[in-house]
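Inside the fold
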Amino acid sequence: MALINKESVKKKMGSRIAANNFAKFLFILATSFSLLVLGVLLFRILDEGLPYLSLDFITSFASRLPERAGIWAALVGTIWIMTVTAPVSFILGVGTAIYLEEYAKKNAFTKFVQINIANLAGVPSIVFGLLGLTIFVRLAGLGSSVLAGGLTMSLLILPVIVVASQEAIRTVPKEIREASFGMGATKWQTIRRIVFPAALPGILTGTILALSRAVGETAPLLVVGALAYVAFVPENLLSSFTVLPIQLYNWTSRPQEDFHMLAASGIIILMIILLIMNSIAVYIRNKFHKRF
Amino acid sequence: MTTDKKNQNSIRAMIKENKSRRSQSAVMEKVVPKFFMICAVISIFTTLGIVFTLLTETFTFFSRVSIVEFFTNTHWFPFTADDNADYGILALVMGTLTVTAIAMVVAIPVGLAAAIYLSEYASAKTRKFIKPILEVLAGIPTIVYGFFALTFVTPVLDSIIPGGISIFNALSPGIVVGIMIIPMIASLSEDAMNAVPNSMREGAMALGATRFEVAMKVVLPAALSGVIASFVLGISRAIGETMIVTIAGGSRPTADINITESIQTMTAYIVQVSQGDTGYGTTIYYSIYAVGMTLFVFTLIMNLLAQFISRKFREEY
Amino acid sequence: MDITINKKSVQKGKEEQEVTPVFNINNLNLWYGQDHALKDIKFDIPEKQVTAIIGPSGCGKSTFIKTLNRMVEMVPIVRMSGEIIYRDKNIFDPKYGVEELRTQVGMVFQKPNPFPKSIYDNVAYGPRIHGIKNKKVLDEVVEKSLRGAAIWDEVKDRLNENAFGLSGGQQQRLCIARCLAIEPDVILMDEPTSALDPISTLKVEELVQELKKEYSIVIVTHNMQQAARISDRTAFFLNGEVVEYTDTSTLFSNPSDKRTEDYITGRFG
């Protein structure tokens, strides 16, 4: 006497397969939903933004009149912020990663630094704004300047760069370190001439992706005190400034439809900048993928 | 051969000679690690700076506003004469939690379904096509999502919801925050499911289980800790999200839950004050730190919880 | 073939007294944590000869060769006692820098490990880190080292290509060239042919024969035939001890220890 009734198993098979197919349909539907949203979002932005997009739009300052308004001050402001953020976050991030991977002993302090970085990555960006407001704007007396904003952004993206750099350094095989040490190279020589160049593509990819995140960030700079309406470009590190996302926020939060279209035009520019940065990152990643 | 010989002598000699001038590089060997250690310490100082900043300014705030009022009052209405001002954080917390809840209703089912599809059903080719799209979605700045919420999602909702919807409301930013979080939940959950060894799948399939049964009864339970951790991280992201809720949520703090009406989240309040002409040293100025502190505690708990879940319940394969 | 090598080795054996040692190892002990990996090692390594170290896996032969240039210290839990005298200097003397030692005592590793750089830069790496920047000198060193490693003719037209494009056997000879570029006194080889095909192995073995005119060579091998073919003296390691150390011909034809005999006749290992 069979313990399993083959007939009933067979009978149930049909509905089980139907359930599988139905579930698969739902899963595909959910995945397509993301694609659909992306499509709609891009279409809306292009549809609203293209009419205002022109060379004048890029080279004009903000204005009360939508037809004369442009993003020049915001664009230049973003570049200024990046000239502070890129080197500071790169040096701090890569330095931290090299320390953790190459020099640090596996002790409690190292573990603490590692956990700390993981948690920093989860702190909301606006809280970094509050940090920047207190430390850089008030305590250090930098005011709501390019320098204060750039330093705040550096700390914000620091954890991302550290983690990406650590991963890149870890992919450098220990055999080639040994080869270097075996020839009488010192630790620093080995890091500078072998480990760092070998890890550089990964480090650069991570850094560019982190910087592209900084380019799109709004909240911390709002808190630090970036201006919403600027009709000038920064002259030095202590000038006040605005950045692209803040200009877009300003336009978006106005009731007039025309300003929304301006915002859409600005979003196109912002997305093109991010697209370029991401393409460079992906290019570097693919070009140097899996060399070891 | 003679030149070779001479050369050989010279290389060894040159190395020896250079060695005597090595003091400079010896200094580098000592200085460089110290410099890198300082870099690492700066990340700790950043955390300390955040905690120190929030704590000191929050203390100043509580020297002016009763801590009991802060936690029990259900009204948040600071922009008035000092005597009439209400500082009840609950109104802002409710705004934040409403948006977060809506976001999770969108992000968890869609994100998880996408993860299951990518990990259990999709061919390598499909995956190669969909993953970059999810990466693009994850890389879109929140200001763009905010614009999308205000100028597209809200009007659409207004036309399909009977009785309409306010221009500023909780529903629209909630949905869009959810959309923003989908890629994060999808990719973290997929990672967790990919970590489940194939032998477990094959075992179940060999018994005649369908893919759906394998996904639900074998893979998902095995990857559960990672999947739940991704939900918790998603919640943390939603709580800390700023621009979408600032643009589309409005600035009317309320402890009542009505998703079609204007609300204010903790993050949106901080932006509102930063945008205004509030002077340094006023109670309102300090209030953003008290709100920031509350926000920080919320997200910190969520992040630690996520780490705890993924560490504690990590499956050993 | 075996007979001629043996004859040569016998001749070398006669000269033994006149050969100066490059390394004197005295009472060397080494532990990995609690694991006693090398026990009271005591022997001399002669100049300009090939010394082979054989033994079953896990006998400590790789650990031993790595103590000679102190690479073994890269494992954090390692502890050592005893002394290794390299040309009248104790290599564990704190005043004797580990970088200086490794400049004199080069190493070729088990797996070819070229740097992810051009062939030229791989070979020029050693001279460069030791402060030689003159382009003309570097060019000469690169050519001479590549010739010395018998790979010049294969790579001379593509010196600027990435070393990863070479075959495994070529990579290993490039690593030998890289090692020769700083003109070490001793070359340590840690199973240099274990990852190579038979033809590449033969080339490396021929190269070793050539190199011993200029260099003292210590080679670890798991392959007894290889030891018999290329070495002048052979040490047999077992469980962290030197069981027997003598002329290669003697060791293989007339071992004095029962365990050596068991090993070379293939009873274990």
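This is a predicted model, so every value here is computed, not measured. (Residues numbered from 1 in each chain as written. Chains lettered and ligands numbered in written order. Predicted model: local features only at pLDDT ≥ 70, side-chain atom pairs only at ≥ 80, totals over all residues. Heavy atoms only, no water.)

Considerations on the environment of Q272 of chain B
All names here are of chain B. As for its placement among the helices and strands, Q272 is situated in helix α12 (residues 266–275). Owing to a relative accessible area of 28%, Q272 belongs among the partly exposed residues under this scheme. Through-space distance from the C-alpha of Q272 to that of T260 is 21 Å; in sequence the pair is twelve residues apart. Those residues within four positions of Q272 in sequence are excluded, and the remaining contacts are F79, S251 and Q264. (Helix = DSSP H or I, 4+ residues; strand = E, 2+ residues; numbered from the N terminus. Buried < 20%, exposed > 50% of the residue type's maximum accessible area, 1.4 Å probe, protein only. Contact = heavy atoms within 4.5 Å.)

Considering the interface of chain B and chain A
Every contact between the two is made by 77 residues of chain B and, on the other side, 71 residues of chain A. Both sides together, the interface formed by chain B and chain A hides about 6,500 Å², and carbon and sulfur atoms give 77% of it. Applying the counting rule to chain B against chain A returns two salt bridges. If you look at where chain B meets chain A, you find 15 residue pairs in polar contact (both at pLDDT 80 or more). Counting residues per element, the side of chain B that touches chain A draws most heavily on helix α2 (residues 23–64) of chain B, which supplies 20 residues. Here the side of chain B that touches chain A is composed, by residue class, of 51 nonpolar, 20 polar and six charged. (Buried area = accessible area lost by both parts, 1.4 Å probe. Salt bridge = Lys/Arg side-chain N within 4 Å of Asp/Glu carboxyl O. Polar contact = N/O pair within 3.5 Å; in protein donor to acceptor, adjacent residues only side chain to side chain. Nonpolar A, V, L, I, M, F, W, Y, C, P; charged D, E, K, R; others polar.)

A closer look at a nonpolar patch on the surface
Residues and elements named next belong to chain A. The grouping of F22, F25, L26 and L29 at the surface amounts to a nonpolar patch, some 420 Å² of accessible area in total. On the secondary structure map, F22 appears in helix α1 (residues 6–49). On the basis of relative accessible area, F22 is assigned to the exposed category, the value being 52%. (Patch = residues over 30% accessible without salt bridge, like charges linked within 9 Å, V, L, I, M, F, W, Y side chains within 5 Å. Areas by Shrake-Rupley, 256 points an atom, 1.4 Å probe, with all protein chains shown as cover.)

A look at a positive patch on the surface
On the surface, a cluster of positive charge is made up of R12 and K16 of chain B together with K48 and K89 of chain C. With respect to the secondary-structure elements, K89 of chain C resides in strand β5 (residues 89–90). Judged by its relative accessible area of 43%, K89 of chain C falls in the partly exposed class. (Lys, Arg positive; Asp, Glu negative; His and termini not counted. Charge placed at Lys NZ, Arg CZ, Asp CG, Glu CD.)

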